[in-house]
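# Secondary and tertiary structure notes
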Amino acid sequence: MDWYLLRYFLAVAELGNFSRAAGRMNVTQPTLSAGIAKLEAQLGQKLFERDRRRVSLTEAGSRFLVHAQRIARDYEIALREISQAAPRRTLRVGVLSTFPSARLEALVRRHIAQESAETLELLDGNERELKTWLDDERIELALTLLRPGSPAPAQEPLYREAYMLVTSNSHRLAQMHSVRGEELAKDAMIIRRHCEVLAATSQYFTQRGVRPSFALKTTNDDKALAMVRAGLGVTVMPESFAGGGIAAVRMLDFDFSREVGIVYSAKGRALAQGGCCFVETLRRELARPEG
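Here is a short report on the structure shown in this document. Quick caveat: nothing in here was measured; it's all calculated off a predicted structure.

Criteria and thresholds
- Residues numbered from 1 in each chain as written.
- Predicted model: local features only at pLDDT ≥ 70, side-chain atom pairs only at ≥ 80, totals over all residues.
- Heavy atoms only, no water.
- Buried < 20%, exposed > 50% of the residue type's maximum accessible area, 1.4 Å probe, protein only.
- Helix = DSSP H or I, 4+ residues; strand = E, 2+ residues; numbered from the N terminus.
- Pairing = 2+ DSSP bridges.
- Phe/Tyr/Trp six-rings, centres within 6.5 Å; stacked < 30°, edge-to-face > 60°.
- Lys, Arg positive; Asp, Glu negative; His and termini not counted.
- Salt bridge = Lys/Arg side-chain N within 4 Å of Asp/Glu carboxyl O.
- Contact = heavy atoms within 4.5 Å.

## Points about the pairing of strand β6 (residues 155-168)
Most of β6 is tucked away: 11 of the 14 residues are buried. When β6 meets strand β12 (residues 257-264), the two strands line up antiparallel, connected through seven bridges. Each residue of the ladder has a partner; that of R160, found in β12, is E259. Of the strand pairs in this sheet, β6 and strand β11 (residues 246-251) are connected by four bridges, and their pairing is antiparallel. Each residue of the ladder has a partner; that of S168, found in β11, is I246.

Below, the structure is given as structure tokens:
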């Protein structure tokens, strides 16, 4: 049984509410609900009764709570007893500069919540820098783009996402399912100088006779998002940047996407095969089932 499942169960049992329990555990409610469902499947018993006002323990849940609390107490005692002697391993992780900061923050929070013996050292860089650091063994793994032709044993796909038009939630096109490039002729553009599809984006608008004005040129995605949110202009970004006042709209005939995954150094691959808490967090939180 995974330790995090037991912690999910104890949080729901104490708070009587899935939303509050998810907040305490720094996970989304669907993630917590999926964890409880997995625990119930492992035990072969339903642990909670749910109604509109409160979540309550079933008879099986009440019996399991006694054991879960004892396991948690013993676990905390064990952690205290070995904390002085337990060596902490530093995991050096390169992160693509165009990976969303909010998403990285959530991943780090969830990793820390696991209370593992891994200390993270994060290095921010572009694709070329990350590849160099991997080759030089400066980092063990990189959260980056996967390119065709890379050696399969050294990379692990996590998810694929499309490049979208990104606007503020109050923009006239924010609620549209898709837009034509010509509809953006009067909009100011925010240029992400480091965007992987910058040349393709420029060509897309040029072919449609659209020559927008530039409201900002930057290599800082957080600044670009802030200015989009403020209404200064629109830009093109991977769809994972949507949320928090930002809407993502598909552009017709703009069929570009990127595949994000883990690329390992030789040492990093060995670490992952031997069990790596942060890699497990990446797989659990980012990997999307095929289809």
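And the narrative resumes.
## Looking at the packing of aromatic side chains
Tallying each qualifying case throughout the model produces eight aromatic pairs. Note on F9 and F64: the rings are 4.9 Å apart at their centroids and 65° apart in plane angle, and the pair reads as edge-to-face. Note that F9 is positioned in helix α1 (residues 3-15) and F64 in helix α4 (residues 59-82), a separation of 55 residues in sequence. A single burial state applies to F9 and to F64, both of which are buried. Summarising the aromatic geometry, the rings of Y204 and F205 are spaced 5.3 Å apart at their centres and angled 80° between planes, so their arrangement reads as edge-to-face. For the pair formed by Y204 and F205, the shared burial category is buried. Through a chain of ring-to-ring contacts, the aromatic side chains of F9, F18, F48 and F64 assemble into a single cluster.

## Some thoughts on the side chain of R7
In this fold, R7 is placed in helix α1. Although R7 is buried, it makes no salt bridge; E115 carries the closest opposite charge, 4.3 Å away. Excluding anything up to four places from it in sequence, R7 contacts M25, A113, Q114 and E115.

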